[in-house]
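Structure at a glance
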Amino acid sequence: MSIRILSPEGHVGERRIPLAASPEVLAGRRLAILDNGKPGAAHLMERVAERLVERAGVVLVGVRRKRTAATPCQDELIEAIAGEAELAFTGSAD
Amino acid sequence: MSGPSEEIELERDSPEALLALFEERGWGDGLPLIPPTRERVEAMLAAGAGDAKPDPDEVVATLEPRLGEATRRTIAINAVLAGCPPGVLPVLVSAVRGLARPELNLRGVNATTHPVAPLLVVHGEAVREMGFNAGLGTFGPGTRANATVGRAIRLILLHIAGARPGNGDASTQGQPSKYAYCIAENEDASPWESYPTSRGIDAPSAITLHCGENPHNFHDMESETPGPILDKAATVMATLGSNNAPVSSAEFFVVLGPEHAATFAAAGWARRDVQSYLYERARFPAGVFRGAFDVVQYRPWMSALRDEDLMPITDHPDHIRVLVAGGAGKHSCLIPSWGMTKSVTLPVEP
């Protein structure tokens, strides 16, 4: 005999902040790095940024550091990056 | 409002077929489940509705990282799956509200490599009315309400919040309390006001969520005064391997067995005396902390301490939370936090 059951998942809500579209051309774009504090995160992102500067003409405007990887970034830091850059690197994990 | 839940036809009404379906879809906790038929879910909703009869499809909270919308109906579906007894839905709904509070930081709790799991503590009239065990063996096993409500929280995290190991839950090893982690405060055996009252919550029933490690036991069979018992507890707190060590704002929950609590009360100690004593005793020289971590979250005044000064493992006595649970015996336990999370205490409301 068959049986009908209800899915336990529920619906997925909308993201409060949609992701911005990536630029098609990197040359001349200002790049910031947001170091989330994980071991090696800044090292990894700085090396990648160096390659982008060399090969694609990106301009590295600075490296900033979050208070901790475990909580959302402080608003003032996001505002500062948004004011100085069009691209940002972040999000390295363990 | 959230839309209706998807209905799935299972060719055979058998435990094996249900388990196979859940495995195929990446659902469940690996243990056998009760089929969430429409009839069972409606019965769970009706038993937990009370006089208010809240909308079953109203979004109670959105749970991260999946941004899953938890409604009373989806909470009830997971309660049925877990085998919950009728009537416990208000506890689960209140717990879901707590999971979504920003200070609890559910996204971080679910996403971290740490083994953290939310401990649910039930307080007040709900303990007796819903059949929770606040006494001997409160952490389990053996009592349906503790076991299944704890399990339902985990199923809600798996299904609605999307905390699947490897995809939403990055815990390196996991921990047994990720299956079920629910106890009840033993107010009858506590010498002090209830825990929610001590946090300013005035309600017949309440819940507390603390995101932490498994319980770390400490025992003292001999001492007749508070100091030696709490000296042992302090050694369990002051460990460099816990996430509390580099995060000075992190909380510890101290779950006292009634006999230890009675020893403190007989000496005239209030709850805050236990907190203050542990704050004073759970320490290392500041240089030991500094030598152990490159990245720390300490209060500024801690940086001013000299290497030889004894530095507390938490920056304030209020981060040490004390309640009584369990039964006869000279055992208590300590539950360190994940670190970047704060406990939440809320009234039980439908």
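Here the structure is shown first, and the text comes after it.
The structure presented is a predicted model; accordingly, all values stated were derived computationally and were not measured. (Residues numbered from 1 in each chain as written. Chains lettered and ligands numbered in written order. Predicted model: local features only at pLDDT ≥ 70, side-chain atom pairs only at ≥ 80, totals over all residues. Heavy atoms only, no water.)

**What about the overall build of chain B?**
The secondary structure content of chain B amounts to 13 helices and 15 strands. Its C-alpha atoms give chain B a radius of gyration of 21 Å, near enough to 20 Å, the size a compact globule of 350 residues would have. Reported as C-alpha extents along the three principal axes, the dimensions of chain B are approximately 70 × 45 × 35 Å. Counting all 350 residues of chain B, 56% fall into the buried class. Residue pairs in contact within chain B that sit at least 24 positions apart in sequence constitute 81% of those at least 6 positions apart. Accessible area for chain B stands at about 14,200 Å²; split by element, carbon and sulfur atoms hold 51% of it. Chain B carries 29 positive and 42 negative side-chain charges, and their two centres are separated by 2 Å. (Helix = DSSP H or I, 4+ residues; strand = E, 2+ residues; numbered from the N terminus. Rg over C-alpha atoms; globule rule 2.2 N^0.38 Å. Buried < 20%, exposed > 50% of the residue type's maximum accessible area, 1.4 Å probe, protein only. Contact = heavy atoms within 4.5 Å. Areas by Shrake-Rupley, 256 points an atom, 1.4 Å probe, with all protein chains shown as cover. Lys, Arg positive; Asp, Glu negative; His and termini not counted. Charge placed at Lys NZ, Arg CZ, Asp CG, Glu CD.)

**A look at the overall build of chain A**
Scanning chain A for helices and strands turns up 2 helices and 4 strands. Its helices and strands in sequence order give chain A the pattern β-β-α-β-α-β, from N to C terminus. In terms of overall size, chain A is more extended than a compact globule, its C-alpha atoms giving a radius of gyration of 19 Å where 94 residues would be expected to give roughly 12 Å. With respect to the principal axes defined by its C-alpha atoms, chain A has extents near 65 × 30 × 25 Å. A total of 94 residues make up chain A; the buried ones form 31% of that total. The long-range share in chain A, meaning contacts at least 24 apart out of those at least 6 apart in sequence, stands at 75%. Put simply, chain A shows about 6,200 Å² of open surface, and 54% of that area lies on carbon and sulfur atoms.

**Describing the packing of helix α9 (residues 226-237) of chain B against helix α11 (residues 271-281) of chain B**
All names here are of chain B. Axis separation between α9 and α11 bottoms out at 9 Å; the angle between their running directions is 55°. What the angle tells us is that α9 and α11 run oblique. For the crossing formed where α9 meets α11, the hand is right-handed. Counted together, G227, L230, D231, A233, A234 and M237 of α9 and V274, Y277, L278 and R281 of α11 form the full contact between these two elements. When grouped by side-chain class, the residues that make up the contact of α9 with α11 number 7 nonpolar, 1 polar and 2 charged. (Axes fitted to C-alpha atoms, helices over the stretch in contact; angles between N-to-C directions. Parallel < 35°, antiparallel > 145°, perpendicular 65-115°, else oblique. Left-handed = near helix turned anticlockwise from the far one by under 90°. Nonpolar A, V, L, I, M, F, W, Y, C, P; charged D, E, K, R; others polar.)

**Digging into the layout of surface pockets**
Residues and elements named next belong to chain B. Estimated volume of the second largest pocket: approximately 300 Å³. F139, N217, G326, H331 and S332 are, among the 18 residues lining the second largest pocket, the residues nearest its centre. At the level of elements, β10 (252-256) and β14 (331-336) are the ones that each hand at least two residues to the lining of the second largest pocket. Split by residue class, the lining of the second largest pocket holds 8 nonpolar, 10 polar and no charged. (1 Å grid on protein atoms, 1.4 Å probe; cavity = no way out; pocket = protein on both sides within 12 Å on 5 of 7 lines; lining within 4 Å. Points joined across faces, edges and corners; volume = space filled by probe spheres on them.)

**Regarding the pattern of salt bridges**
On inspection of all chains with the given rule, the structure shows 27 salt bridges over all chains. Note that D29(B) is salt-bridged to R151(B), the shortest N-O span being 2.7 Å. Here D29(B), found in the loop between α1 (15-25) and α2 (38-49), pairs with R151(B), found in helix α7 (residues 144-159); they are 122 residues apart in sequence, far enough to count as distant. In this structure, R283(B) engages E280(B) in a salt bridge whose closest nitrogen and oxygen atoms are separated by 3.5 Å. Connected through shared salt-bridge partners, R4(A), E7(B), E9(B) and R38(B) make up one network. (Salt bridge = Lys/Arg side-chain N within 4 Å of Asp/Glu carboxyl O.)

**Overview of the packing of α9(B) against helix α10 (residues 258-266) of chain B**
All names here are of chain B. Running from N to C, α9 and α10 cross one another at 130°; their axes reach a closest spacing of 9 Å. Viewed along their axes, α9 and α10 adopt a mutual orientation that is oblique. Judged by the twist between their axes, the crossing of α9 over α10 is left-handed. When α9 is examined against α10, the residues P226, I229 and L230 are found in contact with a partner set consisting of H260, T263 and F264. Per-class residue counts for the contact of α9 with α10 are 4 nonpolar, 2 polar and no charged.

**Overview of α10(B)**
Of the positions making up α10(B), those classed as buried are P258(B), H260(B), A261(B), T263(B) and F264(B). Buried residues along α10(B) sit in contact with β9 (216-219), α9, β10, α11, β13 (320-324) and β14 of chain B.

**Observations concerning the interface of chain A and chain B**
Facing 23 residues of chain A, the contacting portion of chain B comprises 40 residues. Interface area for chain A against chain B, summed over the two sides, is near 2,800 Å², with a carbon-plus-sulfur share of 55%. Sorting the residues of chain A by area buried against chain B places I5(A), L6(A) and P8(A) first, and these three jointly supply 28% of that buried surface. Taken together, the connections running from chain A to chain B amount to 2 salt bridges. Its salt-bridge partner being E7(B), residue R4(A) comes within 3.6 Å of it at the nearest N-O pair. Where chain A touches chain B, the interface holds 15 residue pairs in polar contact (both at pLDDT 80 or more). (Buried area = accessible area lost by both parts, 1.4 Å probe. Polar contact = N/O pair within 3.5 Å; in protein donor to acceptor, adjacent residues only side chain to side chain.)

**Considering the packing of aromatic side chains**
All names here are of chain B. The full count for this structure, using the stated rule, is 7 aromatic pairs over all chains. Here F22 and W27 contribute two aromatic rings whose centre-to-centre distance is 5.2 Å and whose plane-to-plane angle is 70°, an arrangement assigned as edge-to-face. F22 gets classed as buried once you look at its relative accessible area, which sits at 1%. Judged by its relative accessible area of 6%, W27 is buried. Aromatic pair F264 and W269: ring centres 6.3 Å apart, planes at 25°, arrangement stacked. Residue F264 is classed as buried on the basis of its relative accessible area of 0%. The lysine or arginine in question, R283, covers the ring of Y279, its NZ or CZ lying 5.1 Å from the ring centre. (Phe/Tyr/Trp six-rings, centres within 6.5 Å; stacked < 30°, edge-to-face > 60°. Lys NZ or Arg CZ within 6 Å of the ring centre and 35° of its normal.)

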